[in-house]
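Residue-level structure breakdown
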Amino acid sequence: MRSMICLTALLALAACSKQAAAPPAADNGANDVTATAPAATPAAFDVKGTSWEYTDSKTKKPIQMSVDPDGNYISSSGTEHIDHGTAVMKDGKVCFTSAMTKDGEICWTDPKTDIGQSGETTNDKGEKLTVKRVAYVAKTM
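Below is a short write-up of the structure. All values reported here derive from a predicted model rather than from experimental measurement. (Residues numbered from 1 in each chain as written. Predicted model: local features only at pLDDT ≥ 70, side-chain atom pairs only at ≥ 80, totals over all residues. Heavy atoms only, no water.)

1. Re the overall build of the protein chain
Along its length, the protein chain carries one helix and eight strands. Buried positions account for 38% of the 141 residues belonging to the protein chain. Long-range contacts, defined here as pairs at least 24 residues apart, represent 53% of the contacts in the protein chain between residues at least 6 apart. Carbon and sulfur atoms make up 52% of the accessible area of the protein chain, which amounts to about 8,100 Å² in all. (Helix = DSSP H or I, 4+ residues; strand = E, 2+ residues; numbered from the N terminus. Buried < 20%, exposed > 50% of the residue type's maximum accessible area, 1.4 Å probe, protein only. Contact = heavy atoms within 4.5 Å. Areas by Shrake-Rupley, 256 points an atom, 1.4 Å probe, with all protein chains shown as cover.)

2. What about the pattern of salt bridges?
Throughout the structure, instances matching the rule amount to four salt bridges. Of the charged contacts in the structure, one is a salt bridge between Lys90 and Glu105, with a shortest N-O distance of 2.8 Å. One end of the pair, Lys90, is in strand β4 (residues 80–90); the other, Glu105, is in strand β6 (residues 105–108), with 15 residues separating them in the sequence. In this structure Glu105 comes out as partly exposed when scored by relative accessible area, which is 38%. Of the charged contacts in the structure, one is a salt bridge between Lys93 and Asp124, with a shortest N-O distance of 2.9 Å. Of this pair, Lys93 sits in strand β5 (residues 93–98) while Asp124 is found in the loop between β7 (118–122) and β8 (128–134), placing the two residues 31 residues apart along the sequence. You can call Lys93 partly exposed: its relative accessible area is 29%. The class of Asp124 is exposed, set by a relative accessible area of 51%. (Salt bridge = Lys/Arg side-chain N within 4 Å of Asp/Glu carboxyl O.)

3. A short note on the environment of Trp52
Here Trp52 lies in strand β1 (residues 50–55). Note on Trp52: relative accessible area 0%, which makes it buried. Through-space distance from the C-alpha of Trp52 to that of Val131 is 6.5 Å; in sequence the pair is 79 residues apart. Here the side chain of Trp52 touches Thr50 through a polar contact of 3.1 Å, side chain to side chain. (Polar contact = N/O pair within 3.5 Å; in protein donor to acceptor, adjacent residues only side chain to side chain.)

4. A word on the nonpolar core
Counting 16 residues, the largest nonpolar core has Val47, Tyr54, Met65, Val67, Tyr73, Ala87 and Phe96 as its most contacted members. Listing elements by their share of this core, those giving two or more residues are β1, β2 (62–67), β4, β5, β6 and β8. Not counting chain neighbours up to four residues away, the residues in contact with Val67 comprise Val47, Lys48, Gly49, Thr50, Asn72, Tyr73, Ala87 and Tyr136. (Core = buried A, V, L, I, M, F, W, Y, C linked by side-chain atoms within 4.5 Å.)

5. Observations regarding the environment of Lys112
Mapped onto the secondary structure, Lys112 falls in the loop between β6 and β7. Each C-alpha atom, one on Lys112 and one on Arg133, is 9.6 Å from the other, the two residues being 21 residues apart in sequence.

6. Quick look at the sheet that holds β4
In spatial order, the strands read β6-β5-β4-β3-β2-β1-β8-β7; together these eight strands make up an open sheet with antiparallel pairing. At either end of the open sheet lies a strand with only one pairing partner, and these are β6 and β7. Across this sheet, the average inter-strand angle for adjacent strands is 35 degrees, counted without regard to direction. As judged from the five bridges shared by β7 and β8, these two strands associate in the antiparallel manner. From the neighbouring strand, Thr122 faces β8, where its bridge partner is Lys128. (Pairing = 2+ DSSP bridges. Axes fitted to C-alpha atoms, helices over the stretch in contact; angles between N-to-C directions.)

In short, the description is geometric, and any link to function would need to be established separately.
Shown next, in the form of structure tokens:
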């Protein structure tokens, strides 16, 4: 259950992150008419204020997870509370710590998805999960 929550957080992280475009090839200025400004580096992804959907690999239940603006997550399946805890970004991964289990911190790779898109994330144990980023849904316990 904790793995699903971590995977959802990881997908959220990936959904918000963007890759910087490669700079254009230089011609040593011989043909430059105007100076080209360096490309801006995109802001690092933040999982806070994101929501995700995925299917629990063990129970086959659809899960929706939201991470609030303070970094607290809640996951549920319909009206059933599945898990809750904290989510933080570390080294480009989303790391979840459940308040309901003793599993410790579980980190997931960034699935690099935008709202409405799906992507795959992998946790530090090698488990893979397909997640879909959805518009933020505030959840309460």
